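Fold and geometry: a report
Listed here are the chains, written in short residue letters.
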Amino acid sequence: MDRLPSYDELPVEEGKPAGSSWGLWGEDDVLGCLNLLTPERALRGTGLVNRGAVFALCFDLELPDPPLFGRMAFEHRVSWLQGEVGHDDELVGWNPQSSSQWDGFRHIRHPVHGFYNGAADDDHGVHHWAERGLVGRGVLADIGRWREARGRPLQMDQADPIESHELTATLSDQGVEVEPGDILLVRTGWVRWYRSLDEAGRRHLAENHQNPGMRPGGDLLRTLWDLHIAAVAADNPSLELWPPGAGQSSDQLSKAFSSPEHLPEYFAHFGLLPLLGMPIGEMWDLEALAADCAGDGVYDFLLTSAPLRLRSGVASPPNALAVK
């Protein structure tokens, strides 16, 4: 497209939900902002590879343990092949959202408008993403380091809000400009903190889960959309702060619950996935990549992701790599 609309110009067609990108890429579109990952953007990403340094961005599949959000732990079964010539293994009771993940468009529906672009529930699925693959320019916003440098480190066991202007200030201070079609990675430092917890601390977190994250609301939706990114992924469990509504005034909560149309003010997932068609990544391991970026001052890189080719899948591990 020659010019992408701003958030305040949405929707692009009469009769579409307010604050939605529905119809922007066609009536039958199921890719949303991933349409911005064009061949040109893949070439832009490959042009950033100078050292051949590779950073795997997936958290341990077994972590968090216990899982968060009331999800069940899976069992890893290893069995002998006939004649004991080798092994097979199975993941029993495995939830694709229990560790590093992409939230697909089936994960959250808008209570009034339904799933992204008005498509039927099972017309969506991460298999659409897997069929094309995700390759482009990645950009890191290391908000964790940015806040630490200002004497306000993020509180990892609290619903510590990150304001939208802090995101843009981090990018500016890093000297990196977001380009249309980029995949934006947001590091809080949560993964590093989680690894430092002992068993009792991890159990306590699973039972009393709070985490820092982006403050939901119109400012966040506008900021992310107006960057015209293809997707956004973070190292915390929810991208936005958890639990929803934490830190919001009674007036804000009253507005959010006055009408289902205002629910994205309370929980940004309601705006990002079903309305804007913007994929959300969570619990990515950005520690090694962030340390390298802080060391050489280069915060953009080639990013690849190969979601599971699971038909009608709700979510998937990202299987993501950054290459510098």
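Residues numbered from 1 in each chain as written. Predicted model: local features only at pLDDT ≥ 70, side-chain atom pairs only at ≥ 80, totals over all residues. Heavy atoms only, no water.

A few points about the overall build of the protein
- Secondary structure summary: the protein contains 10 helices and 13 strands in total.
- Along the first, second and third principal axes, the C-alpha set of the protein runs to 65 × 45 × 45 Å.
- Counting over 324 residues, the protein shows a buried share of 54%.
- Taking the intrachain contacts of the protein between residues at least 6 apart in sequence as the baseline, contacts between residues at least 24 apart amount to 78%.
- Considering the protein, the positive charge centre built from 26 side chains and the negative charge centre built from 48 side chains are found 3 Å apart. (Helix = DSSP H or I, 4+ residues; strand = E, 2+ residues; numbered from the N terminus. Buried < 20%, exposed > 50% of the residue type's maximum accessible area, 1.4 Å probe, protein only. Contact = heavy atoms within 4.5 Å. Lys, Arg positive; Asp, Glu negative; His and termini not counted. Charge placed at Lys NZ, Arg CZ, Asp CG, Glu CD.)

What to know about the nonpolar core
- Residues Leu57, Leu184 and Leu185 are the most contacted members of the largest nonpolar core, which totals 76 residues.
- Excluding its chain neighbours within four sequence positions, the residues that come into contact with leucine 185 are Leu57, Val139, Leu140, Ala141, Ala233, Trp284, Leu286, Leu289, Phe301 and Leu303. (Core = buried A, V, L, I, M, F, W, Y, C linked by side-chain atoms within 4.5 Å.)

Quick word on the packing of helix H4 (residues 164–174) against helix H7 (residues 218–226)
- With their axes 9 Å apart at the nearest point, H4 and H7 run at an angle of 30° to one another. Judged on the interaxial angle alone, H7 and H4 are roughly parallel. Every residue of H7 that contacts H4 at Ser164, Leu167 and Thr168 is listed here: Asp219, Leu220, Thr223 and Leu224.
- In terms of residue class, the contact of H4 with H7 is made up of three nonpolar, three polar and one charged. (Axes fitted to C-alpha atoms, helices over the stretch in contact; angles between N-to-C directions. Parallel < 35°, antiparallel > 145°, perpendicular 65-115°, else oblique. Nonpolar A, V, L, I, M, F, W, Y, C, P; charged D, E, K, R; others polar.)

With respect to the confidence of the model for the protein
- For the protein, per-residue confidence averages 96 on the pLDDT scale, and residues scoring 70 or more make up 99% of the total.
- Taking the mean pLDDT of every element in the protein, the minimum, 81, falls on helix H8 (residues 250–258) and the maximum, 99, on strand S7 (residues 183–187). (pLDDT = per-residue confidence, 0-100.)

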